[in-house]
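Chains, contacts and geometry: an overview
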Amino acid sequence: MNAERRNKNRGYQQLLVWQDAIELYGLAFGAVRGWPFEQKKLASQSLASSDSVHRNIAEGYCRRTVREYLQHLNIALGSLGETLSGFIAYSRNGQIELSTFEQIDTLIFRLENRLLKLVESLERKRDANDWTETLVVREDPIEYGTDPAVTHDLRILLNGAVE
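First, a word on scope: everything that follows refers to the structure included in this document. (Residues numbered from 1 in each chain as written. Predicted model: local features only at pLDDT ≥ 70, side-chain atom pairs only at ≥ 80, totals over all residues. Heavy atoms only, no water.)

Before going further, it helps to spend a moment on the overall build of the protein. A tally of regular secondary structure across the protein gives 5 helices and 0 strands. Going from the N terminus to the C terminus, the protein shows its helices and strands as α-α-α-α-α. In the protein, once contacts between residues fewer than 6 apart in sequence are set aside, the share between residues at least 24 apart is 68%. (Helix = DSSP H or I, 4+ residues; strand = E, 2+ residues; numbered from the N terminus. Contact = heavy atoms within 4.5 Å.)

Attention now goes to unusual backbone geometry. In this structure, N129 is a non-glycine residue whose phi angle is positive, near 55 degrees. When you line up the elements, N129 lands in the loop between α4 (98–127) and α5 (148–159).

Applying the stated rule across the entire model yields 8 salt bridges. For R110, the salt bridge is made with E23, and the minimal N-O distance between the two is 3.6 Å. Highlighted residues: R110 in helix α4 and E23 in helix α1 (residues 16–32), separated in sequence by 87 residues. Here R110 falls in the partly exposed class, since its relative accessible area comes to 35%. (Salt bridge = Lys/Arg side-chain N within 4 Å of Asp/Glu carboxyl O. Buried < 20%, exposed > 50% of the residue type's maximum accessible area, 1.4 Å probe, protein only.)

Attention shifts here to the side chain of S50. By the secondary structure assignment, S50 is in helix α2 (residues 40–63). Relative accessible area serves as the criterion here: at 0%, S50 is assigned to the buried category.

The next subject is the packing of helix α3 (residues 66–92) against α4. Relative orientation of the contacting elements α3 and α4 amounts to 160 degrees, with a least axis distance of 10 Å. By the criterion of interaxial angle, the relationship of α3 to α4 is roughly antiparallel. As for the relative orientation of α3 and α4, their crossing is left-handed in sense. Residues that form the contact of α3 with α4 fall into these classes: 20 nonpolar, 3 polar and 4 charged. (Axes fitted to C-alpha atoms, helices over the stretch in contact; angles between N-to-C directions. Parallel < 35°, antiparallel > 145°, perpendicular 65-115°, else oblique. Left-handed = near helix turned anticlockwise from the far one by under 90°. Nonpolar A, V, L, I, M, F, W, Y, C, P; charged D, E, K, R; others polar.)

Before going further, it helps to spend a moment on the nonpolar core. Most often, soluble globular proteins have nonpolar side chains that are buried together. In terms of nonpolar packing, the biggest core is built from 42 residues, with L15, I57, Y69, F87, L115, L122 and L157 touching the most fellow members. Those elements that provide at least two residues to this core are α1, α2, α3, α4 and α5. For this core, the element with the highest residue contribution is α3, accounting for 10 residues. Filtering out sequence-adjacent residues up to four positions away, L122 remains in contact with V66, Y69, L70, L73, W131, L154 and L157. (Core = buried A, V, L, I, M, F, W, Y, C linked by side-chain atoms within 4.5 Å.)

Take a look at the structure:
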């Protein structure tokens, strides 16, 4: 993130889940690039669903209410499922190489798990009525577990920076 254009509303760019989602879009783009005309609609749908993941993570982050944030993270999970389903079909029908599918599937698996853990952590905050809808939130993320990816993302969400 460019230091000159850094603010709390752009903090999603530091989230590992968002970074993974950007990487997924790039892999999806590479996988369907150059497909013949009769498969362009499928390629377009794959790009749209993979693109939706990072967009919903960012939009939810910027909404500031825990309800809307969780809603957008769940939409991102749905788009992730749609993306995976498409690539399973493409792999089984020989439209993409098995190695390309394995790379995409591995990334989606990691991203799914990170998103699910983030959703669970935010649901606990919501259920405890412990969410401040301001740009400044202070809380120790260690209460959400020891998974480095989740604590990294929660530290950014709650403190605005990684220590």
